[in-house]
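# Observations on chain architecture
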Amino acid sequence: MDEVLDPQLLKGILPILLLTVLRESEEYGYAIVKKLHDLGFTSLKEGTVYPALTRLEAKRFLSSRLAKSTSGPARKYYSLTDVGLGELQKASESWAMLTAKVDHALRATAGEESA
Amino acid sequence: MNKARAEQLGHQERWRIWWAGCRYDFWLDLRDVPGKERRALRHELKANLTAAAEDDGIGQALSGVGSLRDLAGEYEVRDASRVRWGSGLACAVLAAACGIAIVLIAAFFYGQGVVASGGDASAASTLWPFWGTEIEVNTSSESFTSSIQFGPFPLLLAVVAFLGVARPWRLLKRQSSDRSMH
């Protein structure tokens, strides 16, 4: 589904995607990648997602805890903080405004071309 | 979690995960990420790799992470005043091993030259440019013996590598800045 998306564009929207995924429930890194793949963002790789999670945690949008795993080292679970929830709401509004403007610009120029 | 697959995670897969963790730690150390953060990042990577390997196999898991060097470069926590003891020591050991290997190869060709001269021959020499390294070769129709005294060349390489990577003089800078703060 996301094969046509510019990688830079994907990188730009990655924070909002991560905050959205974690709004539902806490998850650890690889599980978050799988959820993004299930949502259709199959070109997002672990090497892109993991550092983005650390950056969001550094900004206090996410908090984390370690939980024991039966199959290997303890897993680091991320969850959304109140600050992160506020940031997600702001980002969602910005995204809605941006897409509305881009759609308008595309329709306007398409209208000029057909005229 | 895929329980059946988890039970199948064999020694080779676990070794590859451990080795990926070591390489990742090396690159983080070179990027001056402090020890506590490095350990946390390494453990997190290994946990995620284990989960990914359980689902898709270790090859796919490592491929998804991509270059560990690039991954280490994404992290912004830096302490430019720390000494890189771990990676400095690793590079020193590697440099010493390379130095020994180079001398052995040079000695081999030296010995080949003595043998090619034919008949009973005995030669001793200081190998240039491997400062301090001496080789002695004795050859006859019945036997071939050689001895090598390595000299300080491999040790010199190890010291240079350690100093270049670890930068221990940062400790002096750190101590003097600590003193000036107090």
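Residues numbered from 1 in each chain as written. Chains lettered and ligands numbered in written order. Predicted model: local features only at pLDDT ≥ 70, side-chain atom pairs only at ≥ 80, totals over all residues. Heavy atoms only, no water.

### Quick look at unusual backbone geometry
Phi at Arg60 of chain A takes a positive value of approximately 70 degrees, unusual for a residue other than glycine. Positionally, Arg60 of chain A belongs in the loop between α3 (46–58) and β2 (62–67). In this structure, Asp32 of chain B is a non-glycine residue whose phi angle is positive, near 65 degrees. According to the relative accessible area criterion, Asp32 of chain B is buried, its value standing at 10%. (Helix = DSSP H or I, 4+ residues; strand = E, 2+ residues; numbered from the N terminus. Buried < 20%, exposed > 50% of the residue type's maximum accessible area, 1.4 Å probe, protein only.)

### Topic: the interface of chain B and chain A
Across the boundary between the two partners, chain B contributes 22 residues, which contact 20 residues of chain A. For the pair chain B and chain A, the summed buried area comes to about 1700 Å², and 53% of that belongs to carbon and sulfur atoms. Summed over the three residues of chain B that lose the most area to chain A, namely Glu44, Asn48 and Glu74 of chain B, the buried surface amounts to 29% of that side. The interface formed by chain B and chain A includes three salt bridges. Between Lys34 of chain A and Asp55 of chain B there is a salt bridge, with its nearest N and O atoms 2.7 Å apart. Taken together, the connections running from chain B to chain A amount to eight residue pairs in polar contact (both at pLDDT 80 or more). Elements with a minimum of two residues in the side of chain B that touches chain A: α3 (35–56) and α4 (58–65) of chain B. It is α3 of chain B that provides the largest number of residues to the side of chain B that touches chain A, a total of twelve residues. Tallied by class, the residues present in the side of chain B that touches chain A amount to ten nonpolar, four polar and eight charged. (Contact = heavy atoms within 4.5 Å. Buried area = accessible area lost by both parts, 1.4 Å probe. Salt bridge = Lys/Arg side-chain N within 4 Å of Asp/Glu carboxyl O. Polar contact = N/O pair within 3.5 Å; in protein donor to acceptor, adjacent residues only side chain to side chain. Nonpolar A, V, L, I, M, F, W, Y, C, P; charged D, E, K, R; others polar.)

### Quick look at the sheet that holds strand β1 (residues 121–126) of chain B
All names here are of chain B. Taken in spatial order, the three strands make up an open sheet running β1-β2-β3, and their pairing is antiparallel. Bordering the open sheet on either side are β1 and β3 (144–149), each of which pairs with just one other strand. Put simply, the sheet's adjacent strands are angled 5 degrees from each other on average, direction ignored. In this sheet, β3 lies alongside strand β2 (residues 134–139) in antiparallel orientation, the contact comprising six bridges. Note that in β3 the partner of Asn138 across the bridge is Thr145. Against the sheet, helix α6 (residues 85–116) makes contact with β1, β2 and β3, and its axis sits at roughly 35 degrees relative to β2, the strand it touches most. (Pairing = 2+ DSSP bridges. Axes fitted to C-alpha atoms, helices over the stretch in contact; angles between N-to-C directions.)

### Some thoughts on the nonpolar core
Core analysis: the biggest nonpolar cluster contains 48 residues, and Leu18, Ile32, Leu36, Val49 and Leu53 of chain A together with Tyr24 of chain B have the highest contact counts within it. Ranked by residues supplied to this core, first place goes to helix α1 (residues 7–24) of chain A with nine residues. Residues within four places of Leu18 of chain A in sequence aside, it is in contact with Ile32, Leu36, Val49, Ala52, Leu53 and Leu56 of chain A. Listed in part, the six residues of the second largest apolar core include Ala107, Val114, Ala121 and Ile135 of chain B. (Core = buried A, V, L, I, M, F, W, Y, C linked by side-chain atoms within 4.5 Å.)

### Quick word on the environment of Ala106 of chain B
Residue and element names in this part refer to chain B. When you line up the elements, Ala106 lands in helix α6. Assessed through its relative accessible area of 23%, Ala106 is described here as partly exposed. Sequence separation between Ala106 and Val159 is 53 residues; the distance between their C-alpha atoms is 21 Å.

### Quick word on the packing of aromatic side chains
Note on aromatic pairs: each is described by the distance of the centres and the angle between the planes. All names here are of chain B. Enumeration according to the criterion identifies seven aromatic pairs over all chains in this entry. Ring plane angle 45 degrees and centroid distance 6.4 Å describe the contact between Trp15 and Trp18, whose orientation is recorded as tilted. Here Trp15 and its partner Trp18 are both found in helix α2 (residues 11–30), three residues apart, which amounts to about one turn of the helix. Since its relative accessible area comes to 47%, Trp15 is described here as partly exposed. For Trp18, a relative accessible area of 44% gives the class partly exposed. (Phe/Tyr/Trp six-rings, centres within 6.5 Å; stacked < 30°, edge-to-face > 60°.)

### Side note on the pattern of salt bridges
What the rule picks out here adds up to 13 salt bridges over all chains. One salt bridge in this structure joins Lys35 of chain A and Glu27 of chain A, with 3.8 Å as the shortest N-O distance. The exposure class of Lys35 of chain A is partly exposed, given its relative accessible area of 23%. Judged by relative accessible area, Glu27 of chain A falls into the buried class, the value being 16%. Arg38 of chain B is the partner of Asp25 of chain B in a salt bridge, and the nearest nitrogen-oxygen pair spans 3.0 Å. One end of the pair, Asp25 of chain B, is in helix α2; the other, Arg38 of chain B, is in helix α3, with 13 residues separating them in the sequence. What you see here is one network of salt bridges that share partners, running through Asp25, Asp29, Arg38, Arg42 and Arg82 of chain B.

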